[in-house]
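# Chains, contacts and geometry: an overview
Spelled out from the first residue to the last, the chains are:
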Amino acid sequence: MARVFGAGLITALASAALGGVDHAYADGPFNLSPFSSSSAAPTPSQASSESSTSSQASAANAEPPPRVRNDNPRTTSAGFDPEALERGAKALRELNDSSHAKKVFEVMKKQEETRQTELVAKGAEFRALQAQAEMERQKVIYEEQKKLAQQQAQIKSQMARYEDELARKRMQAENEHQRARNQELVKMQEESAIRQEQARRATEEQIQAQRRQTEKERAEIERETIRVKAMAEAEGRAHEAKLAEEVNRRMLVDRANAEREKWVAAINTTFDHIGGGLRAILTDQNKLVVAVGGVTALAAGIYTTREGARVLWSYVDRILGQPSLIRESSRGKYPWSGLLSRGLSTLSRNNKVSALNKGNGFGDVILNPSLQKRIQQLASATANTKSHQAPFRNMLFYGPPGTGKTMAARELALKSGLDYALMTGGDVAPLGPQAVTKIHQLFDWSKKSKKGLLLFIDEADAFLCERNKTYMSEAQRSALNALLFRTGDQSKDIVLALATNRPGDLDSAVADRIDEVLEFPLPGEDERLKLLKLYLDKYIAQAGARKPGLFSNLFRKQQQKIEVRGLTDDILKEAAAKTEGFSGREIAKLMASVQAAVYGSKDCVLDPNLFREVVDYKVAEHQQRMKLAGTEGSSS
């Protein structure tokens, strides 16, 4: 144990000597650095054990051998001084020999503990200051971030207000520009309408002047022709009389000649007369001028008569004929045309109207019950309006294609006792600048109906669309303005009925002319069942039946009738359920396809299997068409 302690002490003293900082002396205070290592500052237990061991060692060696002092100590090449180690060992021996060694170590221990406590307290204080500084720094950073966020929010608000102000000013400028442009367009339209009206008047005046000039020239030519004809007849009679005297004289002289010479003489005389006439005309200048003038006058008269008749007929056709825009009408092309046929049609119409009034519906038109009731009310109201000389109400029919809009308009006119005329909106655009004139002719012709006329415009959105569309031509815009001009007031002669699949495309002024709006939806299951029965009777049951007439039975081949087997109402109800989404036109095409399939079979028999096959095929075709339409709509 003493050896261990001595080795440790020697090591501490060696480190102290090498460091040259702390030196221990026997005759001075014993100070240890508070930051010394464990090897330099032993614990109190180790110190006490070591002190006891050293005391035992000193007791054993009470009389050490005398040492010789080295006045010239040797040092190593690294500068090691062994005297310091010796002095430290001596001081340690003196400390071990002292009676206060234990107290010294306890004091040193307390000093070390105090210093450690102070260091811990200073460390804690330092960490507290550091934490407070960190909190202050975080608080400053938070305040700076808060101010930055407020500034950014303020900047964003200012930018939003600025952008809003710019957008509002831009919208105001665009509105002003659009208003100015609309005013300019309206002014241009008015000027164009005025120019067209002036051109029309000038054209009519020119036509009247040309007509008067033509009539005057024709009268002069007729007078000249009569004069020339009278002169020619007088000269011809005189010449004939002269020739007759010469022939009589020769016949009296040559009567005695033979019968053969008589004919030869007659022939020679005839040729002599013709040659003499030609010779007289060619030799006499006055006769030649008269002949050439007569031929020229005759040719001019023929040409003038032909052209005058053509001009006169065009004028009569324009005044009395049916306008070219009309596709179908219950009135004749001319007031005198088809009097007998119109009488018969009027009689049949009266019979049909009486049948309709008895509650037989609308003939071939199968509609929703509420819609059919509404149309019947409108028909009754229209008939009463005409009888009381009240203004008519204009109508708008809209809905998917093939839902019976045109047929309903025709039956409405029939039941209300009005004439009927059909035109298509697509016929207006190809007319170009003549569209305005044709529109006015159409309304002038419509007002001549004594019963009142229902003018049905199919596909009305083709030329009655919004006037601000860029693709709308000037001629279409002028035609629309002409129609708006003629329908500005309530009419007592014309019922305007418009049909369209896209009512949203109509011009706002056109929509303002409409008094009644009727929607034609796709037929429901009950309506589809009625349509199937109707077209089954029309295309299947009555197929091959001859129309009444004498010549039709003589020259027309008898068609093969279709035999229907096992086609019950349940099968028709099944087909009506399958054809959901079909329009009336599609159902008619379905039954026409059934008829074609029956004629394509060998025995011309319609059975449930063939009927179901055609229905399934048409339903699949309808679904495929709807799918393609949906795909095209989504891609566009």
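Residues numbered from 1 in each chain as written. Predicted model: local features only at pLDDT ≥ 70, side-chain atom pairs only at ≥ 80, totals over all residues. Heavy atoms only, no water.

When helices and strands are tallied, the chain shows 17 helices and eight strands. Out of the 636 residues belonging to the chain, those deemed buried represent 27%. (Helix = DSSP H or I, 4+ residues; strand = E, 2+ residues; numbered from the N terminus. Buried < 20%, exposed > 50% of the residue type's maximum accessible area, 1.4 Å probe, protein only.)

Let us look at helix 16 (residues 584-600). With 17 residues, helix 16 ought to run about 24 Å at 1.5 Å a step, and its terminal C-alpha atoms sit 24 Å apart, in line with that. For helix 16, every residue scored as buried is listed here: Gly584, Glu586, Ile587, Ala588, Leu590, Met591, Val594, Gln595 and Val598. (Expected span 1.5 Å × (residues − 1).)

What follows deals with the packing of aromatic side chains. Applying the stated criterion across every chain yields a total of three aromatic pairs. Taken together, a centroid distance of 5.1 Å and an interplanar angle of 55 degrees make the contact between Phe397 and Phe520 tilted. With Phe397 in strand 2 (residues 395-398) and Phe520 in the loop between strand 6 (516-519) and helix 13 (525-541), this residue pair connects regions lying 123 residues apart in the sequence. Using a relative accessible area of 1% as the deciding quantity, one classes Phe397 as buried. Between Tyr535 and Tyr539 the ring centres are 5.8 Å apart and the planes differ by 25 degrees, which places this aromatic pair in the stacked class. With Tyr535 and Tyr539 both in helix 13, this residue pair falls four residues apart, about one helical turn. By relative accessible area, which is 9% here, Tyr535 ends up buried. Here a set of aromatic residues connected by ring pairs shows up, and it is made of Phe397, Phe456 and Phe520. (Phe/Tyr/Trp six-rings, centres within 6.5 Å; stacked < 30°, edge-to-face > 60°.)

A word on the pattern of salt bridges. Across all of its chains, the model carries 22 salt bridges by this definition. A salt bridge links Arg168 to Asp164, with the nearest nitrogen and oxygen atoms 3.1 Å apart. You can see Arg168 and its partner Asp164 sitting in helix 4 (residues 101-253), four residues apart, about one turn around the helix. A salt bridge links Glu621 to Lys618; the shortest N-O distance between them is 3.5 Å. Of this pair, Glu621 and Lys618 both sit in helix 17 (residues 608-635), three residues apart, which is roughly one turn of that helix. What makes Glu621 partly exposed here is its relative accessible area of 30%. Taking the relative accessible area as the measure of exposure, Lys618 reaches 15% and is therefore buried. (Salt bridge = Lys/Arg side-chain N within 4 Å of Asp/Glu carboxyl O.)

Our next topic: the sheet that holds strand 5 (residues 494-500). Spatial ordering of the open sheet is given by 1-3-4-5-2-6, a layout of six strands whose pairing is mixed. Strand pairing shows two members of the sheet lacking a second neighbour, strand 1 (328-329) and strand 6, which therefore form its edges. As defined by bridge partners, strand 1 adjoins strand 3 (residues 419-424) across two bridges and the pair is classed as antiparallel. The residue of strand 3 that forms the bridge with Glu328 is Leu422. (Pairing = 2+ DSSP bridges.)

Another aspect to go through is unusual backbone geometry. Its identity as a non-glycine residue notwithstanding, Glu459 has a phi of 50 degrees, on the positive side. Mapped onto the secondary structure, Glu459 falls in the loop between strand 4 (453-458) and helix 11 (474-486). Although it is not a glycine, Cys604 adopts a positive phi angle of roughly 55 degrees. Among the structural elements, Cys604 can be located in the loop between helix 16 and strand 8 (605-606). The exposure class of Cys604 is buried, given its relative accessible area of 3%.

All right, on to the pairing of strand 4 then. The element strand 4 is extensively covered by neighbouring structure, given that six of its six residues are classed as buried. Burial along strand 4 is two-sided: Leu453, Leu455 and Ile457 facing one way and Leu454, Phe456 and Asp458 facing the other are all buried. The pairing of strand 3 with strand 4 spans six bridges and is classified as parallel. Within strand 4, the position partnered with Tyr420 by the bridge is Leu454. The handedness of the strand 3 to strand 4 crossover, carried by helix 10 (residues 435-446), is right-handed. Alignment of strand 4 against strand 5, held across five bridges, turns out to be parallel. Its bridge partner lying in strand 5, Leu455 is registered against Leu496. (Right-handed = clockwise from strand over helix to strand, strands pointing away.)

Moving on, we get to helix 13. Taking 1.5 Å of rise per residue, 17 residues should cover 24 Å, and helix 13 covers 22 Å from first to last C-alpha, within 8% of that figure. The complete set of buried residues in helix 13 reads Glu527, Arg528, Leu529, Leu531, Leu532, Tyr535, Leu536 and Ile540. On the buried face of helix 13, the contacting elements are helix 8 (369-387), strand 7 (563-564), helix 15 (569-578), helix 16 and strand 8. (Contact = heavy atoms within 4.5 Å.)

Membership of the largest hydrophobic core comes to 32 residues, with the highest contact counts inside it found for Leu455, Ile457, Leu464 and Leu498. No other element matches the six residues that helix 10 contributes to this core. Those residues in contact with Ile457, other than ones at most four positions away along the chain, are Met423, Gly425, Phe463, Leu483, Leu496, Ala497, Leu498 and Ala499. Grouped together as the second largest cluster of nonpolar side chains are 27 residues, Ile571, Ala576, Leu590 and Met591 included. (Core = buried A, V, L, I, M, F, W, Y, C linked by side-chain atoms within 4.5 Å.)

Once that is clear, we can look at the side chain of Thr382. Secondary-structure assignment places Thr382 in helix 8. A polar contact is formed between the side chain of Thr382 and the backbone oxygen of Leu378, at a distance of 2.7 Å. Sequence-distant contacts of Thr382, defined by excluding residues within four places in its chain, comprise Phe392, Met395, Ser416, Leu418 and Val495. (Polar contact = N/O pair within 3.5 Å; in protein donor to acceptor, adjacent residues only side chain to side chain.)

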